[in-house]
Amino acid sequence: MEFITIGQEVNLDKQMIYKKSKREKGTLNRAEYEQKNVIWNLRKYDGKIEYDGIEYKYQSSSMELNKQLTSTRIVEELNLKNLFDFEYLPEENDFLVLKSEYKYKQNKTRSRPFINYYISFIFKDGKWNINNGYDHIFNKYIDFKYGIIKYVS
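Every residue gets a number counted from 1 within its own chain, in the order that chain's sequence is written. Selection of residues for local features in this predicted model requires a pLDDT of at least 70, selection of side-chain atom pairs for listing and counting requires 80 or more, and totals for whole chains, interfaces and linings are taken over all residues. Side-chain descriptors were evaluated using all non-hydrogen atoms of the structure, hydrogens and water having been removed beforehand.

Visitor: Describe the pairing of strand β4 (residues 118-124), with residues and values.
Guide: Between buried and exposed lies partly exposed: a residue is buried under 20% and exposed over 50% of the maximum accessible area for its type, with that area taken using a 1.4 Å probe on protein chains only. The way it works is that DSSP assigns letters per residue, a run of H or I at least four long becomes a helix, a run of E at least two long becomes a strand, and they are numbered from the N terminus. Burial runs high along β4: 6 of the 7 residues are buried. By the convention used here, strands pair only if DSSP detects at least 2 bridges between them. Pairing geometry for strand β3 (residues 95-102) and β4, over 5 bridges, is antiparallel. Counterpart to V97 in the pairing with β4 is S120. Where β4 meets strand β5 (residues 127-130), 4 bridges bridge the pair, whose relative direction is antiparallel. For K124, the partnering residue across the bridge sits in β5 and is K127. Linking β4 to β5, which pair antiparallel, is a turn of 2 residues; within it D125 sits at a positive phi near 55 degrees.

See the structure below:
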């Protein structure tokens, strides 16, 4: 498993990353159209957020993105070695989010299942931990790096 950086900013246009010509776009079959990439977003801790009295609803982290990418397997590998394609030394409360996204931009005339799940990890006490709940919600974060996970399925 390897975390490959695609840019410094998280708000990259997916169309620029996975660009296909107009001629090629019309030739995607169902399996190609529903292909997914696993995207990662590394965020650096930037202090605490003060409680403002408003109760928000949060979706908790899943335990797996697919059969190969489970939170247990990923946290074990994160704690064994640096999986990122750059020098990185995690700091207390760093936050890592992994999620599935479709490889190709949505076509208004073709439907596909909605993806709304993710896995998240928080660096605490000198190691990566599975974020089993809401450990991160009162922390403020700055987006640091963003990329795609390359893995053997």
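Visitor: I'd love a proper account of the packing of aromatic side chains, names of residues and values included.
Guide: The geometry of two aromatic rings is summed up by the distance between their centres and the angle between their planes. Each Phe, Tyr or Trp ring, with Trp reduced to its six-membered ring, pairs with another whose centre is within 6.5 Å; inter-plane angles below 30 degrees give stacked pairs, above 60 give edge-to-face pairs, and intermediate values give tilted ones. Enumeration according to the criterion identifies 12 aromatic pairs in this entry. Seen in terms of ring centroids, W40 and F84 are 5.1 Å apart; in terms of plane orientation they differ by 70 degrees. Their pairing is edge-to-face. Of this pair, W40 sits in strand β2 (residues 36-48) while F84 sits in the loop between α4 (71-80) and β3; the two residues are 44 residues apart in sequence, bridging distant segments of the chain. On the basis of relative accessible area, W40 is assigned to the buried category, the value being 0%. Ring centres of Y88 and F144 lie 6.3 Å apart, and the angle between their planes is 35 degrees; on these two criteria the pair is classed as tilted. Here F144 lies in strand β6 (residues 139-150) and Y88 lies in the loop between α4 and β3, a separation of 56 residues in the sequence. Judged by its relative accessible area of 28%, F144 falls in the partly exposed class. What links up through ring pairs into an aromatic cluster is the set F3, W40, F84, F86, Y88 and F144. Sitting over the face of the ring of Y33, R112 holds its NZ or CZ atom 4.3 Å from the ring centroid. We call a charge positioned over a ring when the NZ of a Lys or the CZ of an Arg lies within 6 Å of the ring centre and within 35 degrees of the ring normal.

Visitor: Outline the side chain of S100, listing residues and values.
Guide: With respect to the helices, strands and loops of the structure, S100 is situated in strand β3. On the basis of relative accessibility, which here comes to 8%, the residue S100 falls in the buried class.

Interpretation in functional terms is not warranted from these geometric data alone.
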